[in-house]
Amino acid sequence: MSAMEPSTGSARWVEARLRAAGCVFAEDETRLLVDAASTAAELTSMVERRTAGEPIEHVVGWAEFCGLRIDVDRGVFVPRRRTEFLVTHAIALARPRAVVLDMCCGSGAIGIAIASHVGAIELHAVDIDPIAGACARRNVAGVGGEVHVGDLYDALPGSLRGRVDVLVANAPYVPTDELPLLPAEARDHEPTVALDGGPDGLDVQRRVIDGAPSWLAPYGHLLVETSERQVPLTVDAVARIGLHPRVERSDALNATVVIGAAPAP
Ligand SMILES: C[S@@+](CC[C@H](N)C(=O)[O-])C[C@H]1O[C@@H](n2cnc3c(N)ncnc32)[C@H](O)[C@@H]1O
């Protein structure tokens, strides 16, 4: 080792390894990795994983979302910054004691963020993937929510029918033949079931929308994240079930949400 080379395991060594691997935020990620590792061996292993392309959130085991620290296990979808836009709109619609359903919950980030901001709500979250379900269960324990593992509404107790005030969904919406275009971190480290939305990207989203009327309370709201390009399809699906759709867009976050309002009973 030359006198100028940082010693193995030092913060400078970590940063140099990350930079060499092309990590854009090497300085910030160095801090995260150094904080997360409890031994030198663990730090070295984390650096190996990160430089091999694993998302930083999987390596350290958590993601920041709406100012909260959400556990994200390996194999679970990493909550995206853009989804904070959906949360902002859900918070505006959810009153204390509202029944909130986070459909396709992944780590449970959306529901937890709503509960953390609104206070006492009745939170239910659903995911088909047992790995996501286990992660969400740990996360929602802090806000007193319940996680159901299964296929969309099949996973829910019938007692919830007609009681959901705010139904939020960030379901998979990438068209199948665009999956190869995703960044490698998503393609290689997030499960296909979390990303693949079928031929036009709306297979799961449409099923969420079609099922919503049976579960929404009078005056309830459905909020669905979608892409700017898919807005007409999502709006059409929401209008077809008799909800009044409106579109909210944030260019800053590149986020689009379609909100459907249930009519009076
Ligand atoms: C794009 S990820 C979003 C996760 C979370 N809502 C978020 O924003 O971080 C979509 C999630 O939908 C789940 N999913 C896909 N198909 C499903 C289905 N039929 N029933 C329930 N969950 C499903 C996946 O397992 C994945 O966790």
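Please refer to the structure placed before this passage.
This text gives an overview of the structure that appears in the document. (Residues numbered from 1 in each chain as written. Predicted model: local features only at pLDDT ≥ 70, side-chain atom pairs only at ≥ 80, totals over all residues. Heavy atoms only, no water.)

### Some remarks on the overall build of the chain
Put simply, the rule reads: By the criteria applied, helices consist of DSSP H or I runs no shorter than four residues and strands consist of E runs no shorter than two, each listed in order from the N terminus. Radius of gyration means the value over C-alpha atoms here, while the globule rule gives 2.2 Å times the residue count to the 0.38 power. Residue burial is assigned from relative accessible area. The probe radius is 1.4 Å, only protein chains are included, and a residue is buried under 20% of its type maximum, exposed over 50%, and partly exposed in between. Two residues qualify as a contact provided that any one of their heavy atoms is within 4.5 Å of a heavy atom in the partner residue.
When its secondary structure is counted, the chain shows eleven helices and nine strands. Relative to a compact globule of 265 residues, whose C-alpha radius of gyration would be 18 Å, the chain shows 20 Å and is just as compact. Taking the principal axes of its C-alpha atoms as reference, the chain extends roughly 75 × 40 × 30 Å. Residue burial in the chain is summarised as follows: out of 265 residues, 49% are buried. Sequence-distant contacts, at least 24 apart, represent 59% of the contacts inside the chain between residues at least 6 apart.

### Some remarks on unusual backbone geometry
If you check the backbone angles, R97 has positive phi at about 75° while not being a glycine. Position of R97 relative to the elements: it lies in the loop between helix 5 (84-93) and strand 3 (99-103). The class for R97 is exposed, based on a relative accessible area of 70%. Backbone geometry at L152 places phi at a positive 40°, although glycine is not the residue there. By the element assignment, L152 lies in the loop between strand 5 (146-149) and strand 6 (164-169). We classify L152 as buried; its relative accessible area is 7%.

### Side note on the site of the ligand
Our working definition: Near is defined per residue: the residue qualifies when any heavy atom it owns lies within 4 Å of the molecule or strand. For this analysis, a polar contact is any N or O atom pair within 3.5 Å, provided that within protein one partner can donate a hydrogen and the other can accept it, and provided that sequence-adjacent residues contribute only side-chain to side-chain pairs.
Close to the ligand lie 18 residues, the nearest being C104, D127, D151, N170 and A194. Between the ligand and I128 there is a distance of 3.1 Å, counted from a nitrogen atom to a backbone nitrogen or oxygen. At 2.9 Å, a side-chain N or O of N170 approaches an oxygen atom of the ligand.

### Focus on helix 7 (residues 130-140)
Basically, it comes down to this: Regarding the arc, it is the one traced by the directions from the helix axis to the C-beta atoms.
Considered for burial, the residues of helix 7 that qualify are A132, G133, C135, A136, N139 and V140. Buried positions in helix 7, seen along its axis, are confined to an arc of 165° and lie on one side of it. Looking at the buried positions of helix 7, the neighbouring elements they touch are strand 2 (68-71), helix 6 (109-118), strand 4 (122-127) and strand 5. Backbone nitrogen of I131 and a side-chain oxygen of the N-cap are separated by 2.9 Å at the start of helix 7; the cap is D129.

### With respect to the pairing of strand 4
Heads up, the condition is: Paired strands are those between which DSSP finds at least two bridges. By convention, a crossover is right-handed whenever its connection, traced from the first strand over the helix to the second and viewed with the strands pointing away, goes clockwise.
For strand 4, the buried fraction is high: five of the six residues fall into the buried class. Bridge analysis of strand 3 against strand 4 gives five bridges, and the strand direction is parallel. The residue bridging D102 from the neighbouring strand is A125, located in strand 4. When strand 4 meets strand 5, the two strands line up parallel, connected through four bridges. Bridge pairing links A125 to V147 in strand 5. Viewed along the sheet, the connection from strand 4 through helix 7 into strand 5 turns out right-handed.

### Topic: the pattern of salt bridges
Here is the rule we go by: Salt bridges, as used here, are contacts in which a Lys or Arg side-chain nitrogen is within 4 Å of a carboxyl oxygen on Asp or Glu.
Taken as a whole and judged by the stated rule, the model has 20 salt bridges. Measuring nitrogen to oxygen at the nearest pair gives 2.9 Å for the salt bridge that ties E178 to R229. Note that E178 is positioned in the loop between strand 6 and helix 8 (184-189) and R229 in the loop between strand 7 (216-226) and helix 11 (231-240), a separation of 51 residues in sequence. Classification of R229 by relative accessible area gives exposed; the value is 57%.

### A few points about the pairing of strand 8 (residues 244-250)
As defined by bridge partners, strand 8 adjoins strand 9 (residues 255-261) across seven bridges and the pair is classed as antiparallel. Note that in strand 9 the partner of H244 across the bridge is A261. Linking two consecutive strands that pair antiparallel, namely strand 8 and strand 9, is a turn of four residues; a positive phi of about 50° is found at N254 within it.

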